[in-house]
Amino acid sequence: MKLRALFTMICAGLAFSTLAQEQIKWLNIEQAESLAKQDGSNAKKYLVDCYTDWCGWCKRMDRDTFSDTLIARIVDFYFYPVKFNTESIEPVTFNGKVYTNSATKSRRGSTHALAYFLLNNRLSYPSFSVLSSEGTLLTICPGYHEAAEFEVFLDGVPYADAAFVAHPTAYGLPDAATQYIQSTRKPVENLLSFTQEH
């Protein structure tokens, strides 16, 4: 009887912790562009998850990385989070230009024209494009990344625009993580603690 009660409490606790996890509020790129226009000078950057339906690493990224509460908070706070199926057949209007897929049915290998722009003609999945608030491509982060690795990438984007665009590998994944944390994240943490103390 006690074992059954303990099992029930554990299951209830797991269910509650799962419900308490934050989730990224994904948009399509047209919704994100509309929000950027509404936000004007306070507009954020775009983080575009370029994926396909058949990509196993894309699904794993959703399951393992994007379900992480800290990643969800960072993405929702600093970016307009966009999901884009690169094999979609729906026309998309972005920055005044209409992008289409020449295929009539969504199928493997039928790449949407917007994907070529977002990935700078380097098609690999998953890949994550960062666009400025005006819609200019800043950088691309290809491949699967665990939450800790992806956090390093995300943390570099809002704090170091010019340096990040000029040298994105300085914030690389995962080999430069330690260097990045020492050179960028620690000064930001020191600045935050300094402003809180004074």
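This is a predicted model, so every value here is computed, not measured.

**Q** How would you sum up the sheet that holds strand 6 (residues 137–142)? Please name residues and give values.
**A** Hydrogen bonds along the backbone pair up the strands of a sheet, which may run parallel or antiparallel. With mixed pairing, four strands are arranged side by side in an open sheet as 2-1-5-6. Both outer strands of the open sheet, strand 2 (79–85) and strand 6, are each paired with one neighbouring strand and no more. Neighbour to neighbour, the strand axes of the sheet diverge by 20° on average, direction disregarded. Judged from the five bridges that link them, strand 1 (residues 45–51) and strand 5 (residues 127–131) form a sheet pairing that is antiparallel. Across the sheet, Asp49 pairs through a bridge with Phe128, a residue of strand 5.

**Q** Account for the pattern of salt bridges, naming residues and giving values.
**A** Following the criterion strictly, the structure yields six salt bridges and no others. In this structure, the salt-bridge partner of Arg73 is Glu22, at a minimum N-O distance of 2.5 Å. Of this pair, Arg73 sits in helix 4 (residues 69–78) while Glu22 sits in the loop between helix 1 (2–20) and helix 2 (29–39); the two residues are 51 residues apart in sequence, bridging distant segments of the chain. Arg73 sits in the partly exposed class, given a relative accessible area of 48%. Look at Glu22 and you get partly exposed, because its relative accessible area is 28%. A salt bridge links Asp49 to Lys83, with the nearest nitrogen and oxygen atoms 2.4 Å apart. With Asp49 in strand 1 and Lys83 in strand 2, this pair connects stretches of sequence that are 34 residues apart. A network of salt bridges, in which partner residues are shared, links Asp49, Asp62 and Lys83.

**Q** Talk me through the nonpolar core; I want residue IDs and the actual numbers.
**A** Grouped together as the largest cluster of nonpolar side chains are 22 residues, with contacts concentrated most on Ile29, Tyr46, Val48 and Leu118. The contact partners of Val48, leaving out residues within four places of it in the chain, are Ile29, Val82, Phe84, Leu118, Ser127, Phe128, Ser129 and Leu131. One finds Leu47, Val75, Tyr144 and Ala147 within the second-largest nonpolar core, a separate group that totals 18 residues.

**Q** Can you explain helix 2? Please cite residues and give values.
**A** All of the buried residues in helix 2 are Ile29, Ala32, Glu33 and Ala36. Seen along its axis, helix 2 keeps its buried residues to an arc of 100°; they face one direction. In helix 2, the exposed residues that point more than 90 degrees away from the buried face are Lys37 and Gln38. For helix 2, the elements touching its buried residues are strand 1, strand 2, strand 3 (92–94), helix 5 (113–118) and strand 5. The N-cap residue of helix 2 is Asn28: its side-chain oxygen and the backbone nitrogen of Glu30 are 3.0 Å apart. Phi turns positive, to about 55°, at Gly40, one or two residues after helix 2.

**Q** Can you lay out unusual backbone geometry for me, pointing to particular residues and giving the numbers?
**A** Cis geometry is adopted by the peptide bond preceding Pro126, which originates at Tyr125 and carries an omega value of -5°. Residue placement: Pro126 occurs in the loop between helix 5 and strand 5. Phi at Asn120 is positive, roughly 55°, even though this residue is not glycine.

**Q** Would you mind going over the state of the cysteines in detail, with residue names and values included?
**A** Throughout this description, disulfide means a covalent bond between two cysteine sulfur atoms. Scanning all chains against the criterion turns up one disulfide. Sulfur-sulfur distance for the disulfide between Cys55 and Cys58 comes to 2.3 Å. Its torsion about the S-S bond being 85°, the disulfide of Cys55 and Cys58 is classed as right-handed. Each member of the pair, Cys55 as well as Cys58, carries the same accessibility label: buried. Left without a disulfide partner, Cys50 is nearest to the cysteine sulfur of Cys58, which lies 9.3 Å away.

Reading the values: rules and limits
- Residues numbered from 1 in each chain as written.
- Predicted model: local features only at pLDDT ≥ 70, side-chain atom pairs only at ≥ 80, totals over all residues.
- Heavy atoms only, no water.
- Pairing = 2+ DSSP bridges.
- Helix = DSSP H or I, 4+ residues; strand = E, 2+ residues; numbered from the N terminus.
- Axes fitted to C-alpha atoms, helices over the stretch in contact; angles between N-to-C directions.
- Salt bridge = Lys/Arg side-chain N within 4 Å of Asp/Glu carboxyl O.
- Buried < 20%, exposed > 50% of the residue type's maximum accessible area, 1.4 Å probe, protein only.
- Core = buried A, V, L, I, M, F, W, Y, C linked by side-chain atoms within 4.5 Å.
- Contact = heavy atoms within 4.5 Å.
- Arc of directions from axis to C-beta.
- Polar contact = N/O pair within 3.5 Å; in protein donor to acceptor, adjacent residues only side chain to side chain.
- Disulfide = S-S within 2.5 Å.

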